[in-house]
Every structure is written in C-alpha cells, then in structure tokens.
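Take a look at the letters that make up each chain.
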Amino acid sequence: MTDTAKPTGELTLRTLAMPTDANPAGDIFGGWVMSQMDLASGIRAGERAHGRVVTAAVKEMAFELPVKIGDTLNVYTEITRVGRTSITLQVEAWAHRGRHRILEKVTAGIFIMVALDEDGKPTPLPVEG
Ligand SMILES: CCCCCCCCCCCCCCCC(=O)SCCNC(=O)CCNC(=O)[C@H](O)C(C)(C)COP(=O)(O)OP(=O)(O)OC[C@H]1O[C@@H](n2cnc3c(N)ncnc32)[C@H](O)[C@@H]1OP(=O)(O)O
C-alpha cells in the first residue's frame, strides 16, 4: 500500500468495528467484513434496480490486512457491469485506523446482485435515468 493509494468507487457504507465482531485475538471476523460489503452491494444495486436485489455470487475475495476493534470500516462500490437482471460491482473495504489518520485497503471482491420481482424471480433492470 502506498501513500497515494485511493479507494475506487462511491462510499456506500461506513460502520465501526466493535468488540463483539472480533475473535479472541482482537481481529475482526472476515465474515463480518464480508457482510458489510454485502450490505453495501445491496444498497448500491437496490438503488440501481429501484427495488429488491439478492446476492447471486461473490468472487475473488482476499483478506489483505486485518481489521481491528475501533477501526471504522468504509465500503466503496463501483458498478462495473449491468446485465439483463444482474449488476456486477467491484467492492472495496478500507479501514480507517482508530487513533491514526490512516486509511488502508483491507479487502476487495466482486459481487453479483440480481434484481427480483415480487414473486422472487429475476426481473429485468430498469433503464438508467
Ligand atoms: C426502492 C429502492 C430501494 C433502494 C435501497 C435498498 C436497500 C436495501 C438493502 C438491502 C441489502 C441486502 C443485501 C443482502 C442480499 C442478500 O444477502 S440476499 C441472500 C443471499 N442470496 C440468496 O439467497 C440468493 C439465492 N439465489 C437465488 O435466488 C437465485 O439463484 C438467483 C440469484 C435469483 C438467480 O436465479 P436463476 O434462476 O439462476 O436466474 P437466472 O435467470 O439464471 O440468472 C439471473 C442473472 O443472474 C446471473 N447469475 C446467476 N448466478 C450467477 C453466478 N453464480 N455468477 C454470476 N452471475 C450469475 C445470470 O448471469 C443472470 O444475469 P443477466 O444475464 O440476467 O444479467
């Protein structure tokens, strides 16, 4: 990570890593981080779909750095593809370290969200605009 590294995408979700989200060593569970990324994907894709979406797939995730108790987790999303019913997002999670003015990328992944109709079936996305 260099000093010039910057998040890609739109800041979609911010939250605080709490002691209840950590393992006995004080590292935040990867599953908690993933769930925040899932929520951010749901918000961004739901706004694009103007309705309900579900997570169809998560791809290529790697945990590069730990998240610690007291860090603020910032999740950035970028829509990279819009299909007939699916939206692909590049999602990055960055940790703002508690007492330090440092923002570090901790993980990134590709999330595929699908728009659903009222019967829970994939439904075509609206035209943007
Ligand atoms: C009003 C404004 C509100 C705005 C503000 C909202 C805020 C609100 C925030 C809520 C935030 C919640 C965010 C948490 C969301 C969950 O956690 S949802 C729970 C976890 N996910 C699930 O339970 C999903 C379970 N799976 C399913 O229901 C079905 O498999 C699916 C995903 C609907 C797909 O059904 P299917 O019959 O396989 O559909 P199919 O027609 O074959 O494929 C549909 C599309 O999905 C793609 N696809 C399917 N599987 C895959 C795969 N494995 N890989 C890649 N693409 C795939 C297909 O390529 C296709 O894409 P298009 O070519 O149409 O673009």
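Residue positions are given per chain, counting from 1 as you read along its sequence in written order. With the structure being a predicted model, the display of local features is reserved for residues of pLDDT at least 70 and the display and counting of side-chain atom pairs for 80 or more, all residues being used for whole-chain, interface and lining totals. To obtain the side-chain values, all non-hydrogen atoms of the structure were used and water was disregarded.

Identification of the protein as Acyl-CoA thioesterase from Neorhizobium lilium is taken from an unreviewed UniProt entry. UniProt positions are given in the numbering used here, feature names are shortened, and annotations may be inferred rather than shown by experiment. Here is the UniProt Sequence similarities (unreviewed entry) comment for the protein, exactly as written: "Belongs to the acyl coenzyme A hydrolase family."

A.B. asks: I'd like a description of the environment of Asn74, backed by residues and values.
C.D. replies: We count a stretch as a helix when DSSP gives it H or I for four or more residues in a row; a strand needs E for two or more, and each element gets its number in order from the N terminus. Within the secondary structure, Asn74 is located in strand E3 (residues 72-82). Accessibility here uses a 1.4 Å probe with only protein chains present; expressed as a share of the type maximum, an area under 20% marks a residue as buried, one over 50% as exposed, and anything in between as partly exposed. Relative accessible area serves as the criterion here: at 5%, Asn74 is assigned to the buried category. Separated by 44 residues in sequence, Asn74 and Glu118 have C-alpha atoms that sit 31 Å apart. In the analysis that follows, any N or O atom pair within 3.5 Å is treated as a polar contact, provided that within protein one partner can donate a hydrogen and the other can accept it, and provided that, for residues neighboring in sequence, both atoms belong to side chains. A polar atom in the side chain of Asn74 sits 3.2 Å from the side chain of Arg14.

A.B. asks: Describe the pattern of salt bridges, and please don't skip the residues or the numbers.
C.D. replies: Where charged atoms from two side chains of opposite charge approach closely, those side chains can pair. In the sections that follow, a salt bridge refers to a side-chain nitrogen of Lys or Arg positioned within 4 Å of a carboxyl oxygen of Asp or Glu. By the definition in use, this model includes four salt bridges. Close ionic contact of Arg44 with Glu10 constitutes a salt bridge, the shortest N to O distance being 3.6 Å. Remark: Glu10 occurs in strand E1 (residues 10-16) and Arg44 occurs in helix H1 (residues 30-49); sequence separation between them is 34 residues. A cluster of three or more residues bridged by salt bridges with shared partners is formed by Asp71, Arg97 and Glu104.

A.B. asks: So what about the site of the ligand? Which residues, and what values?
C.D. replies: A single heavy atom is enough: if one lies within 4 Å of a molecule or strand, its residue is considered near that molecule or strand. By nearness alone, 20 residues border the ligand, and Thr55, Arg84, Thr85, Ser86 and Val114 come closest of all. A distance of 3.2 Å separates an oxygen atom of the ligand from a polar atom in the side chain of Asp38. Reported accessibility uses the Shrake-Rupley method at a 1.4 Å probe radius. Residues are deemed covered only where the shown protein chains occlude them. Relative to its unbound accessible surface of 1400 Å², the ligand loses 47% to contact with the protein. Broken down by secondary-structure element, the contributors of at least two residues to the shell around the ligand are H1, strand E2 (53-63) and strand E5 (103-115). Note on residue categories: nonpolar means Ala, Val, Leu, Ile, Met, Phe, Trp, Tyr, Cys or Pro, charged means Asp, Glu, Lys or Arg, and polar means any other residue, Gly included. The residue makeup of the shell around the ligand, split by class, is eight nonpolar, eight polar and four charged.

A.B. asks: Account for a nonpolar patch on the surface, naming residues and giving values.
C.D. replies: Grouping into patches uses exposed residues only, defined as over 30% relative accessible area, and leaves out salt-bridged ones; the cut-off is 9 Å for like charges and 5 Å for nonpolar side chains (Val, Leu, Ile, Met, Phe, Trp, Tyr). Taken together, the side chains of Met34, Val58 and Phe63 define a hydrophobic patch exposed on the protein surface, amounting to about 250 Å² of accessible area. You can see Met34 is positioned in helix H1. Residue classification places Met34 among the partly exposed residues on the basis of a relative accessible area of 32%.

A.B. asks: Let's hear about the nonpolar core: which residues, and what values?
C.D. replies: Across soluble globular proteins, nonpolar side chains have a tendency to be buried as a group. Counting residues in hydrophobic clusters, the biggest one holds 24 residues, and the most contacted among them are Ile28, Val33, Met37, Val67, Leu73 and Val75. Put simply, the parts of the chain that give this core at least two residues each are H1, E3, strand E4 (86-96) and E5. At six residues, H1 tops the list of elements feeding residues into this core. Discounting residues that sit within four places of it in the chain, Val75 has contacts with Glu10, Leu11, Thr12, Leu13, Gln36, Met37, Ala40, Val91 and Glu92. Residue types Ala, Val, Leu, Ile, Met, Phe, Trp, Tyr and Cys, when buried and joined through side-chain atoms within 4.5 Å, form a set referred to as a nonpolar core. Every residue pair with non-hydrogen atoms within 4.5 Å of one another is taken to be in contact.

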